[in-house]
Amino acid sequence: MGNAGVGERRISRRRFLAGSGAAVAGLALAGSLARRARPGGRAWAASAPPSAPEKLVPSICQMCSTHCGILVHVRDGKITRITGNPEDPVSRGRLCARGQAGLQVVYDPDRLRQPLRRDASGAFRPVSWEQAFREIGAKLAELRSKEGPQALVWLTHPEVLASWEQRFLNAYGSPNWTPHAPTCYSSRNVGWLATLGAVPSGDYANTRYYVSFGRGINDGISNPQVQGLMTARRHGAHLVAFDPRLSGFASLADEWVPVRPGTDLAVVLAMIHVLIAERLVRPEAVAQTVGFEELARAVAPYTPDWAAEKSGVDAATITRIARGLAAAAPAAFVDPGWHGPQGGMYWNGVALTRATACLNALLGNLGQKGGLKLPGASPLPDEKSLALLQPIPEAPKLPRFDGAGGPEWPLAKGMGRAQALPEVIESGKPYPVRAVVVYHTNPVRAYPDGDRLVRALRKLDLVVVIDHQMSDTAWTAADYVLPESTYLERLGPVQVSGGNLVLPQPAIPPIYDTLGEDEILRRLAQATGLGAAFGYTLEEYNAALLAPLGLRPADLAEREVPLPVRAPAAAQPAALKTPSGKIELASSAMVQAGGPAVPVWEPPLVEPDGGNFRLITGHVPMHTHTSTENLAYLHALMPENQLWIHPSRARALGIAEGDLVEVRSEVASQRLKAHLTEGIVPEAVWMAHGFGCISPAQRLAYGKGASDAVLTPVRSAPYSGACAAAETLVTVRKVV
């Protein structure tokens with residue numbers, strides 16, 4: 001493509017916003033994030049007698065993984081509203097729309113109310129907890145005896161009680177605990193761990209120059225980071241968004257630089273070239289690294305002119321922004337990334353993350369005000385040291401079903417390749433998988449090729465879904481559906497959030513016949529003959545975690561005016577957790593995994609040919625994956641997704657605004673409405689993740705919009721095993 005088409009992308013922000021309902025909604029939410037929740041909050045309040053005294057319960061929001069501090073307002077046993085906790089260093093009293101809508105998770109009329117079992121006709125029937133545990137436990141014990149413990153796979157997200165889930169699997173003997181990392185952040189983690197030995201964050205509030213490559217920081221809202229960037233902006237920081245789409249962040253940044261999807265790596269390599277060629281790298285920054293000379297030789301050919309041909313970004317812009325970063329350093333950084341180009345989207349995600357890490361290293365920003373910062377060590381004790389948790393079930397020595405951590409995927413250890421599940425079930429290799437437990441995630445609409453996954457799950461002997469709603473996975477494939485109490489009805493494990501110890505605690509008791517995941521795990525373990533591994537309750541677990549710090553759970557919970565307890569300061573490591581103890585511009589871990597020592601150009605896996613498009617996806621600020629579409633408040637903000645398509649391409653296909661279009665990939669087709677906008681590069685189409693619900697039990701969400709996951713073929717990116725979801729080509733036609 002070269003520079004062709006770039007001129008078509010030049011639009012004013014005002015013109016775009018005038019035609020983009022989605023962007024306007026995003027900005028409206030960004031605005032709400034910048035304000036404290038309104039006193040009274042009538043639009044967000046459940047009905048309750050106004051004369052009853054109000055009780056405030058401090059807790060932690062779990063509508064996304066940010067875990068903001070909240071105050072749950074309770075009157076007459078009902079939650080009336082949720083506001084941000086002004087004493088919490090994460091939320092600082094501010095919540096996004098999802099956080100404020102959390103009470104509807106409790107009061108959603110379609111939520112699960114009792115355990116269900118699918119009968120021979122395919123219908124779900126109520127079943128008691130006792131019967132459900134007895135039957136599931138017997139089946140798991142039988143499979144363990146006949147097929148081996150590795151026949152069980154556990155899929156999970158979020159990983160709030162990950163150590164409990166892993167303990168269950170260790171006791172059972174299965175190595176197959178599997179988080180959602182490959183659909184999200186695998187490539188980011190692999191790249192940073194290879195370079196820095198840890199995944200850093202940024203000092204957003206104090207930065208003077210910030211560059212993001214495709215991270216929708218206020219689409220998949222990170223509350224404290226958005227607040228930090230807004231503070232930095234007020235202080236004069238320069239914000240730059242490289243993105244194929246005018247995202248929520250791009251619309252707020254000082255510069256939106258449209259870039260061809262999958263070519264961000266070329267731009268970053270060229271920026272490194274500029275820093276080295278123009279001697280903008282300070283000696284003290286180089287002294288923190290190993291492999292500088294090797295990196296300098298590798299990037300010598302990657303001039304801004306070369307990158308312009310690859311990315312569509314003109315050479316002068318690349319050079320100017322590289323110089324801007326250097327001038328502001330060390331109070332400058334390129335975002336470490338999360339999901340987008342540096343996460344699970346592209347074939348070259350690890351290479352991009354490695355290049356991003358090297359560029360930051362040359363800015364000398366690690367540990368500097370306004371630069372990058374390493375995560376602190378947890379003040380909580382190692383669970384292996386707690387007498388309460390003895391005996392510790394030994395971790396299984398068996399290989400994983402997906403090969404993660406093994407010879408082919410050594411860097412994917414701990415993150416898995418969940419998308420391999422259909423192939424493993426179909427082929428029986430490396431061994432048969434016969435049972436799957438799904439906790440609070442919805443792989444049928446989160447993993448690639450969801451239709452194939454449904455067919456594969458239906459071949460299993462046992463599928464158990466633990467959730468608070470009848471997800472698509474539960475509806476299409478579960479034998480048992482176990483209803484979990486919502487985060488507002490159950491205790492959670494002590495956590496470290498924003499440098500503080502926090503305790504997620506219930507605001508009200510469960511209103512239906514539901515249980516917390518901790519109790520489900522304990523009773524399932526007992527029914528499977530593994531009860532010895534869970535000789536404690538969550539209350540006792542929390543007490544054991546806090547005891548070495550001289551604290552009790554009551555110290556965190558019993559506060560009428562909530563004040564999070566400051567965690568003891570964590571010592572920064574004397575050396576980085578890399579083989580050399582330094583920032584590895586040349587990575588020995590990458591070499592051992594069969595990769596290049598320093599980041600080099602790796603093209604995206606697929607290229608659109610003019611007759612098709614690259615499908616790219618992303619999050620929106622009013623929804624979290626597929627878990628919130630059925631909540632009335634959030635549904636009203638965005639009931640369905642649309643296909644963003646450039647007007648020049650739409651006109652050629654006879655497509656007008658609002659037309660129903662069919663999007664077809666190599667594995668499936670979906671239908672949704674078209675949105676014509678110059679806020680997307682011509683060679684790509686974009687749709688929000690998480691729609692296209694196929695569970696009629698979710699009456700608001702059912703049939704609304706289209707699923708990007710269903711359209712995505714199963715691929716595994718090199719080194720990380722990430723899903724590489726954006727390496728998908730689609731055709732688009734108007735439905736007549």
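Residues numbered from 1 in each chain as written. Predicted model: local features only at pLDDT ≥ 70, side-chain atom pairs only at ≥ 80, totals over all residues. Heavy atoms only, no water.

## Quick notes on the layout of surface pockets
Okay, step 1: Roughly 1,100 Å³ of internal volume is contained in the second largest pocket.
Okay, step 2: Lining the second largest pocket we find 44 residues, and of these P175, W177, P396, R400 and G414 sit closest to its centre.
Okay, step 3: For the lining of the second largest pocket, the secondary structure elements donating two or more residues are α7 (162-172) and α18 (421-427).
Okay, step 4: A per-element tally of the lining of the second largest pocket places α7 first, with five residues.
Okay, step 5: Its residues placed into classes, the lining of the second largest pocket shows 21 nonpolar, 11 polar and 12 charged. (1 Å grid on protein atoms, 1.4 Å probe; cavity = no way out; pocket = protein on both sides within 12 Å on 5 of 7 lines; lining within 4 Å. Points joined across faces, edges and corners; volume = space filled by probe spheres on them. Helix = DSSP H or I, 4+ residues; strand = E, 2+ residues; numbered from the N terminus. Nonpolar A, V, L, I, M, F, W, Y, C, P; charged D, E, K, R; others polar.)

## A word on the packing of helix α6 (residues 129-147) against helix α21 (residues 517-527)
Okay, step 1: The contact between α6 and α21 brings their axes to 8 Å, and the two run at 55 degrees. Here α6 lies oblique to α21, going by the angle between them. The interaxial crossing formed by α6 with α21 has right-handed handedness. Note on element contacts: α21 touches α6 through I520, R523, L524 and A527, opposite W129, E130, F133, R134, I136, G137, A138 and L140. (Axes fitted to C-alpha atoms, helices over the stretch in contact; angles between N-to-C directions. Parallel < 35°, antiparallel > 145°, perpendicular 65-115°, else oblique. Left-handed = near helix turned anticlockwise from the far one by under 90°. Contact = heavy atoms within 4.5 Å.)

## A closer look at the side chain of T156
Okay, step 1: Along the polypeptide, T156 turns up in strand β6 (residues 152-156).
Okay, step 2: Relative accessible area serves as the criterion here: at 0%, T156 is assigned to the buried category.
Okay, step 3: In terms of polar contacts, T156 uses its side chain to reach the side chain of E165, at 3.1 Å.
Okay, step 4: Each residue touching T156, except ones within four places of it in the same chain, is listed here: E165, W177, T178, P179, H180, Y439 and T441. (Buried < 20%, exposed > 50% of the residue type's maximum accessible area, 1.4 Å probe, protein only. Polar contact = N/O pair within 3.5 Å; in protein donor to acceptor, adjacent residues only side chain to side chain.)

## What about the nonpolar core?
Okay, step 1: Formed by 74 residues in total, the largest nonpolar core has its most connected members in V211, F242, M271, I272, L325 and L362.
Okay, step 2: Here the element with the most residues in this core is helix α11 (residues 264-277); it accounts for 11 residues.
Okay, step 3: The residues contacting F242, other than those within four sequence positions of it, are V211, S212, F213, G214, V257, V259, V267, M271, V313 and I321.
Okay, step 4: In terms of nonpolar packing, the next biggest core, distinct from the first, is built from 49 residues, F168, L389, A435 and Y480 among them. (Core = buried A, V, L, I, M, F, W, Y, C linked by side-chain atoms within 4.5 Å.)

## A few points about the packing of helix α8 (residues 186-196) against helix α17 (residues 349-362)
Okay, step 1: Close contact between α8 and α17 brings their axes to 8 Å; oriented N to C, the two are set at 45 degrees. The angle between α8 and α17 falls in the class oblique. In this structure, α8 crosses over α17, and the sense of that crossing is right-handed. On α17, the residues touching S187, R188, V190, G191, W192, A194 and T195 of α8 are G349, V350, T353, R354, T356, A357 and N360.
Okay, step 2: Considering only residue class, the contact of α8 with α17 consists of five nonpolar, seven polar and two charged.

## Here we look at the pattern of salt bridges
Okay, step 1: Taken as a whole, this structure holds 30 salt bridges when the rule is applied.
Okay, step 2: Ionic pairing is found between R552 and D555, a salt bridge with its closest N-O pair at 3.1 Å.
Okay, step 3: When its relative accessible area of 22% is taken as the criterion, D555 is described as partly exposed.
Okay, step 4: For R733, the salt bridge is made with E662, and the minimal N-O distance between the two is 3.2 Å. Here R733, found in strand β27 (residues 729-734), pairs with E662, found in strand β24 (residues 660-664); they are 71 residues apart in sequence, far enough to count as distant.
Okay, step 5: Residue classification places R733 among the partly exposed positions, given a relative accessible area of 38%.
Okay, step 6: Shared partners join several salt bridges into a network, and the residues in it are E662, R664, R671 and R733. (Salt bridge = Lys/Arg side-chain N within 4 Å of Asp/Glu carboxyl O.)

## Quick look at the sheet that holds β6
Okay, step 1: Spatially, seven strands are ordered β5-β4-β17-β16-β15-β6-β7 in an open sheet, and the strand pairing comes out mixed. Each having just a single partner strand, β5 (124-126) and β7 (177-178) make up the two edges of the open sheet.
Okay, step 2: Pairing between strand β15 (residues 435-439) and strand β16 (residues 462-467): five bridges, direction parallel. Among the inter-strand pairings, Y439 is bridged to a residue of β16, identified as I466. (Pairing = 2+ DSSP bridges.)

## Looking at the sheet that holds strand β3 (residues 78-84)
Okay, step 1: Judged by pairing direction, the sheet is antiparallel, and its three strands sit side by side in the order β1-β2-β3 without closing on themselves. If you trace the sheet from one side to the other, it starts and ends with β1 (54-60) and β3, each paired once. Averaged over all pairs of adjacent strands, the angle between strand axes in this sheet comes to 30 degrees, irrespective of strand direction.
Okay, step 2: Strand direction decides the pairing type here: strand β2 (residues 69-75) and β3, joined by six bridges, are antiparallel. Its bridge partner lying in β3, L71 is registered against T83.

## As for the packing of aromatic side chains
Okay, step 1: Scanning the model with the defined rule gives 16 aromatic pairs in all.
Okay, step 2: Summarising the aromatic geometry, the rings of F124 and W475 are spaced 6.4 Å apart at their centres and angled 45 degrees between planes, so their arrangement reads as tilted. Placement of the pair is F124 in strand β5 and W475 in helix α20 (residues 472-477), with a sequence separation of 351 residues.
Okay, step 3: Pairing W164 with Y541 gives two aromatic rings, centres 5.3 Å apart and planes at 80 degrees, and the pair type is edge-to-face. Of this pair, W164 sits in helix α7 while Y541 sits in helix α22 (residues 538-546), and the two are 377 residues apart along the sequence.
Okay, step 4: You can call W164 buried: its relative accessible area is 0%.
Okay, step 5: We classify Y541 as buried; its relative accessible area is 4%.
Okay, step 6: Taken together, the aromatic side chains of W164, F534, Y536 and Y541 make up a single cluster linked through ring pairs. (Phe/Tyr/Trp six-rings, centres within 6.5 Å; stacked < 30°, edge-to-face > 60°.)

## Here's the deal with the pairing of strand β25 (residues 669-676)
Okay, step 1: Two elements, strand β23 (residues 642-645) and β25, share four bridges in a ladder whose sense is parallel. In the sheet register, L643 faces β25, and the bridge partner there is A674.
Okay, step 2: By the bridge criterion, five bridges tie β24 to β25 in an arrangement that is antiparallel. Bridging across to β25, V661 finds its partner in L672.
Okay, step 3: The antiparallel hairpin formed by β24 and β25 contains four residues in its connecting segment.

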